Every structure is written in structure tokens, then in C-alpha cells.
Amino acid sequence: MESSSKLPLHLCHVHKLSIFINRTHIFFHSIALVFLLYYRASFFFFQDTTKTKATTLAWLLVFVSEIFLSFEWLLSQSFRWRPVSRTAFPERLPGDDKLPAVDVFICTANPEKEPTVGVMNTVLSAMAMDYPPEKLHVYLSDDGGAAVTLKGMREAWRFAKWWLPFCRRYGIKCRAPEAYFSAEEEDADFGGSEFIEEREDIKLPELMGEIWVQEKYEVFKKRVRERATVGDTRSGLSRDHPAVIEVIQETSSDDAIQENETKSMPLLVYVSREKRHSHPHHFKAGALNVLLRVSGVISNSPYILGLDCDMHCHDPSSARQAMCFHLDPKISPSLALVQFPQKFHNISNNDIYDSQLRSAFWLLWQGFDGVGGPCVSGTGYYIKRLSLCSNSIHEVEFPDGDPMKLRQSFGPSNEFIKSLHQNNKPDMLIHRKNALLNEAQLLASCAFENGTEWGEEVGFMYGSVAEDYFTGFRLHCKGWISVYCNPPRPQFLGSGTTNLDDFLVQGTRWTSGLVDVAISKFCPLIYGPLKTYTFVQSMCYAELALFPIFYFLPLWCFATIPQLCLLNGIPLYPEFSNSYFIVFSFVFLSSISKHLYEVLSTGFTFRHWINEQRIWMMKSITSRLYGSVDALMKKIGMREASFFPTNKVDDAEQLKRYNMGVFDFQTSILFLAPMAALVILNIASFAVGISRVIFLGELDKFFIQVFIPFYVILMNYPIVEGMLIRKDSGRIPPSVTLLSAIVSLIFYFLGCIIFM
């Protein structure tokens, strides 16, 4: 036992082979980019008899786009500089009596888009984690203020008295009841076969408790859905409502459950903060800060698990794995958070929308970890409460100091200020319980933060709907570090987007939040280099904030300028016989081959590579454009920030198409028209290019400009199919195709005016 205590709680593995491959690629690709940019720049400094104003403008636009993409590529290599992975050993942790307490924060906003049964599954899975129940406290923030959510919490508490003992008794790993009882439908990659084996193991005559618990679960679902059918789903998103704080408890007992098991229940708290149209609510960051304050006077756990309402605990050991890092004395003083990846149970084999975010969670976050740690990633993170309540890492304790100064920072609640001292434990005795709940009402009021530093220096950061990214960046600028842990078994499983509309809307929201930070005083390239753990970490943050801008501008250029110039007979690239042709070819092949290598090396297929190339183009010309424009308009005061939760309700027909690998184009015309118009323009330019090659023998002169539209058409074949071939309801409507053709003609005539 003594030798075991001396063993490390975790190990960090540096990927030396990946580092060598990445840095070698960076070296040669950088040299090629220098030659490419030199070729472009030389056009403006050397005399050319064919040079015209139109040609100069086209070259300038393409040159600027190539500079943007080159700079974006350079920033993105920061993620590939030093990738690492980590292994935790929870079996080496001290006894349960020495483990710190954990508060779980779950956020929901709209029961119509986030079904209550699904939200309660997340709540139940959190309550059932393999952690001392007296040290586990689960909070649900209901930003919609819907009655069905509160009543669902009460029903979840009743069902938990059956579900938690069942999970503990049989060592169930998947502790979200919906996922467990539908195990046969689960994807085997995420443990479906393991669930089935678990169920087979306990289906013995003497262990018929599962059937009994499943019956209880069906009753639970029926009661929750009955609440939803009588109007309780009415959300408070668009109306004022007061704060509601309720510690969920139910005194009636069921004789089938042993009394000692019913007492082993984590604390369950419902929180709906006050909302008034006259006060900004700061979206999810505002809800999290209310939870931070309310939990401070109720449980005040030193560590917090943040979860989205659709991201259930897939492995009950996640808290113990996180503690392998938080309790390590070598890194604990400076460690703010442990981030687990987002993984999803409903991803198809094709994943045509790249909903699983392969690049981020299978690749980039490992590189992020190697240079100081990843940002907060929205869900699945264990964060130190102290890191959110201090102005810098050096403020490891809160001195008694000037009470007025503390009030200016944290607000007028004496109870909450007392909770900032980590040695203070809230007194939840009966005679104090009502007083603390009244204090919690104050902490959840919409005016509490007025004149304080909430959202600016303490708590989750305001100013962006990407509060997770912004919060992580500010924590790292204050001197904190983070780690990324990606165990073989997914710790959390959620619902990924399975239709194009939700995917593009979600992408627009994320883009707007990231660009908010990029164009603020906290731009990582300006604010971060001298404050973050390493300069390379600042580059990682800069890449995340700037990539929407550095993608949509060049992609729009490359989807239009070479094509319009081809239609007008203007060459923009070196001839086939020119030595610089090799440079352009190398840059293109180097980029796509490196991407293909990364896809294959992370266990995915050639088809995934095609899908990622395709969705990258679609998002760049739609979501990243609209999100960037939205952020700019908010910056200049032309509109207010907006936030819409992603729809968690599956449409059967759309889901069927998704599983078949067929795009569903039932989305806004604002998304469809640009994609279709640019594909039509590329089809026209490719046809003209082929005719030039055949009839005028200009293959040498226009080879690259003919190849570009060919590649665009090839990668966007589903759009061509949706316009011209498909007849089902998921196709691109003929009216949109006609409108897109008109837009393409407008592009052509503008090109004739500009480039003739």
C-alpha cells in the first residue's frame, strides 16, 4: 500500500514521431509558401506587357487570399508543434474520505428543443457517478424557467432512488437509463456490445431487478411526457420570470428499496435565475455564474464539472480520473481544469457533416495540451472553483481585507464572500436551510452583478457567446494551465447534429462568438503572447479566433476570381511548363496529403477525409461568413447578440437520410443560395475551360484554373445532385436552384465588367 501511494497518478506521453513528421512538414511546406508568395509579389514589381488593371486586380485579390491562408496555416501548426496524450490511474487515488467534493453544473434553456427526458437522463447519469454521494452535488440551470423541467427534476429524484442502487449493486458502467435500456441500438464503437454483455450478465433468475427498474423508468418517462403535453413546456426565454431555487427532495419511501440505499443520494438542486428584459442575461455564461454563486452558499465544492444537458456521463469514473490530475501536488497549484473530449452516440459511419469534430478532439487538443493546455470546451470539464474566483493564479487565498473591495468584485452577498475561503463549508442544518435558500434567491437575481467584476475578471467570461473559449483564454492569461485527457472509453456522450440546418446554425453561432474575441481588446495575437503559458499557446488561441475570417474571405475568392478570369481568358497561375507550377502543385498536394494522413492516423477513412473537405468548403462560404458579419455588426452596435440552442429533437426523415449518407438541404435559403450559386459558377467555368483546352489548345496556360473548378465540383457533388438529380423532399428546391443560377449570372456579368 505504501509503494502504491508513491506511484504517479497520471503519465504524460510525448508523441515524438508525430512531432518529427509535423515539424518536417512545416519546414518544407513553409519553403514552398515562400516561393509561392514570391511568385505572386514579383508580378507587381516586374514589367509585363500583358499586365492590365483588370489582371492586376485579380492577381491582388488572389495574392491577398493566399497570404490569409498561409498565415492561417502557420497559426494552425501551433497545434502540431508538440502533441501529447495522458493516462490517468484512478485506482491509485486515496480513499473516498480524502477525495474533494464536486459540484455538477448542467445547463438547459428550452424544453422544446432540449427534451426534458433527455435532460433528466444527463441529471441521473451525473447523480450515479462512481463517487462518494455525500461529496457529489448536482445543479440544473433552467434558463427557460419551464415548469416541465422542475417537475421533471422531482420525477428524476424519485426514479434515482431505484436507479442509483441498481447501478451500484451491479457495477453498471453506462448510467444514463435511456442509453442503458436501449443498448442494442448503441453503436458498438462506443461500447454498445459491452452494454449488451453487461445486461446479459445480470439477466439471471436471481437478478430480475433490472426488469423492475425498467418498469419504473417507463413510468418516469410517462409522467415527464404527460407534464409536457399539458403546456408545461412553455419556456421563459421570451418572458420575464423571477428566480426559483429548489433543493429537490422527496420524503415518501418505497418498501422495495433498502433504507440505507435511499440515503446515499447526491444533493440535487434546481436553479432558474431571474430574467428581466431590462437586464442583460449573458446567455450560458450568465447561467453558469449564477450556478457558481448559488452553489457557493449551498455546497461550495472545490471542483466543478460542467455538462451540456445532452451530454450524459458515459463512464462513471470520470470524476476519479480528473482527480488524478487535480490531486497531483506537482501540477495541482497551477492546474485550472481537466478537459475531456466531446463524443457522440448518434454519429453515423459516414458522418457527412463532421458532427463529431474529429480534427479538434482527436488531434488539435492533443497539441493544445502540449503547449499549456486546451481551452474550456463547453462541456465535459472539471474546473477548480478557485480559478474562477481569483483575479490571478497568485491569489491562492482570499484575505479578509477590505470588505468593500470584495463586494465590488463579488457582489453584496456576505454568505458568498465567506464561501470564497475554501476552508468555509456552508451550514446546511435545518435552521439555516431556509436562510441559505433566501440568500441563493439574491445570488440568482438579475441585478446582483451590477457594478461587480462578474464576467469581466471573475467567473465565466461575458462579451461572447463562445464563453467557454473566452473563459479558457482568460484563465491561461492569468497563469493557470489545463490538461486534456482522452481515455479509450468515452467519459461523456452527447447528441451530435444530424442535419445540415442545425449544423450550419451551430457553426454560425460558434463563429460569431470566436470572432467577437478576435476583434476585441482580448485578441489573442495582441493580448496573449506575454501572458499565456507559452507563445505557441497564444498562437493556438489566435488560430481558433481568427480562422473563420481567414477561411471565408479566401474561400469566396478562390470560388469566384479564378473562375471569372477563366471565363474572360485571364491567366492567374503559372503555365504547366513554368517551374513555379511545381511550387503551386506541391503546396496543394502537401496540404491535402497532410490532412489525409491526419485523418487516417486518427483511425478514420478516406471517405471521412472527403466529407471534411466538403463540409470545410460549405461552412467557409456560409457559417463563417454570416458569423463574422454578425460579430462585426455587434461590434459597431448595429444589432444585439443572439443565442439559439441547437435542436436536440430528431426528425425521423432527416435522421434516415443522415444515416444513409445523404445530405438534407432543408435549410435556409441564406445557406443554400451561396453554395448552389458558387457550384453553378464553377460548373460554367469548368465547361468553358474544357472548351478552351479542346478547341484553343490552352491546357498549358489554364491547367490550374481548369483544375480548381473541377475540384470544387468534385468535392461538392452532393449539391450538384441536390439541384439536378434528386426528387425527394431533402433536395435543393427548384426555386432556389433558379435563384442561384441568377446570382451566378450576376457574378458573371460583374466579372465581365471588372476583368474585361
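Residues numbered from 1 in each chain as written. Predicted model: local features only at pLDDT ≥ 70, side-chain atom pairs only at ≥ 80, totals over all residues. Heavy atoms only, no water.

> Would you mind showing me how to read the UniProt feature "binding site: Mn(2+)" (unreviewed entry) in the protein chain here?
Within this structure's numbering, the places UniProt gives as "binding site: Mn(2+)" (unreviewed entry) are K284 and D308. In sequence the annotated residues extend across 25 residues, while in space they remain close, none of their C-alpha pairs exceeding 10.2 Å. Here K284 lies in helix α10 (residues 283–298). Setting aside its immediate chain neighbours within four residues, K284 contacts C107, D308, G378 and E467. Apart from the residues lying within four places of it in its own chain, the contact partners of D308 are I106, C107, T122, K284, G378 and T379. (UniProt positions renumbered as here; feature names shortened; annotations may be inferred. Helix = DSSP H or I, 4+ residues; strand = E, 2+ residues; numbered from the N terminus. Contact = heavy atoms within 4.5 Å.)

> Help me understand empty space enclosed by the protein, please; the structure alone is not making it clear to me.
Empty space among the atoms becomes apparent when a probe as large as a water molecule is rolled across them. Applying the stated criterion across every chain yields a total of 2 cavities of 30 Å³ or more. Of the volumes computed, that of the largest cavity is approximately 50 Å³. The wall of the largest cavity is formed by N350, D351, D354, Q356, R358, F604, H608, N611 and E612. If one sorts the elements of the lining of the largest cavity by residue count, helix α23 (residues 606–621) sits on top with 3 residues. Each residue belonging to the lining of the largest cavity can be placed in one class, and the counts come to 1 nonpolar, 4 polar and 4 charged. Split by domain, the residues of the lining of the largest cavity number at least three in each of domain 1 (10–81 + 549–636 + 668–755) and domain 2 (90–183 + 204–229 + 237–249 + 263–498). What the second largest cavity holds in volume is close to 40 Å³. Lining the second largest cavity are S387, L388, E457, V458, G459, M461, T471, R474, L475 and K478. Grouping the constituent residues of the lining of the second largest cavity by class yields 4 nonpolar, 3 polar and 3 charged. (1 Å grid on protein atoms, 1.4 Å probe; cavity = no way out; pocket = protein on both sides within 12 Å on 5 of 7 lines; lining within 4 Å. Points joined across faces, edges and corners; volume = space filled by probe spheres on them. Nonpolar A, V, L, I, M, F, W, Y, C, P; charged D, E, K, R; others polar. Domains from an automatic or database assignment.)

> For this particular structure, what's the right way to read the sheet that holds strand β8 (residues 312–313)?
The pairing of strands in a sheet happens through backbone hydrogen bonds and is either parallel or antiparallel. Spatial ordering of the open sheet is given by β8-β13-β10, a layout of 3 strands whose pairing is mixed. Bordering the open sheet on either side are β8 and β10 (343–344), each of which pairs with just one other strand. Relative to strand β13 (residues 492–494), β8 runs antiparallel, the two being bridged by 2 bridges. Pairing of C313 across the sheet is with F492, part of β13. (Pairing = 2+ DSSP bridges.)

> Before we go on, may I ask you to explain the pairing of strand β5 (residues 244–247) in this structure?
Both faces of the sheet carry side chains from a regular strand, because those side chains alternate between them. Burial along β5 is one-sided: the residues I245 and V247 are buried and none of V244 and E246 is. Judged from the 4 bridges that link them, β5 and strand β6 (residues 267–272) form a sheet pairing that is antiparallel. Paired with V244 across the two strands is S272, which belongs to β6. (Buried < 20%, exposed > 50% of the residue type's maximum accessible area, 1.4 Å probe, protein only.)

> Help me out: how do you make sense of a nonpolar patch on the surface in this one?
A cluster of nonpolar residues, L57, L61, L738, I742, I746, L750, I753 and I754, forms a patch on the protein surface that exposes about 730 Å² of accessible area. For the nonpolar patch, the elements supplying multiple residues, two or more each, are α3 (53–76) and α29 (734–755). Ranked by residue count, the leading element in the nonpolar patch is α29, at 6 residues. Within the secondary structure, I754 sits in helix α29. (Patch = residues over 30% accessible without salt bridge, like charges linked within 9 Å, V, L, I, M, F, W, Y side chains within 5 Å. Areas by Shrake-Rupley, 256 points an atom, 1.4 Å probe, with all protein chains shown as cover. Salt bridge = Lys/Arg side-chain N within 4 Å of Asp/Glu carboxyl O.)

> It is not clear to me how the packing of aromatic side chains should be interpreted in this structure. Could you clarify?
Two measures describe an aromatic ring pair: the distance that separates the ring centres and the angle between the ring planes. Scanning the entire structure with this criterion turns up 56 aromatic pairs. Measuring from centroid to centroid gives 5.5 Å for W365 and F368, while their planes differ by 85°, and the two rings are edge-to-face. Separated by 3 residues within a single helix, W365 and F368 lie in helix α12 (residues 358–369), roughly one turn from each other. For W365, a relative accessible area of 7% puts it in the buried group. (Phe/Tyr/Trp six-rings, centres within 6.5 Å; stacked < 30°, edge-to-face > 60°.)

> I tried to follow the environment of I732 on my own but got confused; where do I start?
Structurally, the position occupied by I732 is in the loop between α28 (717–724) and α29. Spatially, the C-alpha atom of I732 lies 5.6 Å from that of F665, the residues being 67 residues apart in sequence. Residues contacting I732, with those up to four places away along its chain left out, are F665, L672, I719, G722, M723 and T737.

> When you look at the environment of A684 in this model, what are you seeing that I'm missing?
In this fold, A684 is placed in helix α26 (residues 669–696). Each C-alpha atom, one on A684 and one on L564, is 9.7 Å from the other, the two residues being 120 residues apart in sequence.

> Would you mind going over the sheet that holds strand β7 (residues 303–308) with me for this structure?
Here 8 strands make up an open sheet; going across it, the order is β5-β6-β4-β3-β7-β11-β9-β12 and the pairing mixed. Bordering the open sheet on either side are β5 and β12 (481–484), each of which pairs with just one other strand. For this sheet the average axis-to-axis angle between neighbouring strands, irrespective of direction, equals 20°. The strands touched by helix α4 (residues 116–127) within the sheet are β3 (102–108), β4 (136–142), β6 and β7, with β4 carrying the most contacts at an inclination of about 165°. Running at roughly 175° to β6, helix α5 (residues 147–170) makes contact with β3, β4, β5 and β6 of the sheet. (Axes fitted to C-alpha atoms, helices over the stretch in contact; angles between N-to-C directions.)

> Sorry, what's going on with the UniProt feature "binding site: UDP-alpha-D-glucose" (unreviewed entry) in the protein chain here?
Feature annotation in UniProt assigns "binding site: UDP-alpha-D-glucose" (unreviewed entry) to the following positions: K113, E114 and D143. Judged by maximum C-alpha separation, these annotated positions cover 31 residues in sequence but sit close together in space, the widest gap being only 12.8 Å. In this structure, K113 sits in the loop between β3 and α4. Classification of D143 by relative accessible area gives buried; the value is 8%.

> Would you mind going over the pattern of salt bridges with me for this structure?
Oppositely charged side chains are able to pair whenever their charged atoms sit close together. Tallied over the full model, the rule gives 27 salt bridges. D369 is paired through a salt bridge with R86; the nearest N and O atoms lie 2.7 Å apart. Of this pair, D369 sits in helix α12 while R86 sits in strand β2 (residues 84–88), placing them 283 residues apart in sequence. With respect to class, D369 is no different from R86; both count as buried. One salt bridge connects D728 with R726, and the closest N-O pair in it is separated by 2.9 Å.

> I keep staring at the nonpolar core and nothing clicks. Help me out?
When a protein is soluble and globular, its nonpolar side chains tend to lie buried together. The biggest cluster of nonpolar side chains holds 139 residues, and the ones touching the most others in it are V104 and W163. Among the elements that make up this core, the one with the highest residue count is helix α20 (residues 535–558) (15 residues). When we break this core down by domain, the ones giving at least three residues each are domain 1 (10–81 + 549–636 + 668–755) and domain 2 (90–183 + 204–229 + 237–249 + 263–498). For W163, the contacting residues outside a window of four places in its chain are L124, A128, C174, R175, A176, P177, Y180, F181 and V213. (Core = buried A, V, L, I, M, F, W, Y, C linked by side-chain atoms within 4.5 Å.)

> Just to check I follow, could you spell out the packing of helix α22 (residues 580–601) against helix α27 (residues 699–715) for this structure?
Two quantities define a packed helix pair, namely the angle between the helix axes and the distance between the axes. Close contact between α22 and α27 brings their axes to 12 Å; oriented N to C, the two are set at 20°. On the basis of their axis angle, the class for α22 and α27 is roughly parallel. Like other packed secondary-structure pairs, α22 and α27 cross with a definite hand, here left-handed. Contact residues: α22 offers F581, F584, F588 and I592, while α27 offers F703, I704, F707 and Y711. (Parallel < 35°, antiparallel > 145°, perpendicular 65-115°, else oblique. Left-handed = near helix turned anticlockwise from the far one by under 90°.)

> How should I be thinking about unusual backbone geometry in this particular structure?
Leaving glycine aside, a negative phi is the common case for residues, and trans is the common case for peptide bonds. Positive phi, close to 60°, is recorded for H282, a residue that is not glycine. By secondary structure assignment, the location of H282 is in the loop between β6 and α10. On the accessibility criterion, H282 (28% relative accessible area) is partly exposed. Positive phi outside glycine occurs at D351, with the angle close to 50°. Considering the arrangement of structural elements, one finds D351 in the loop between β10 and α12.

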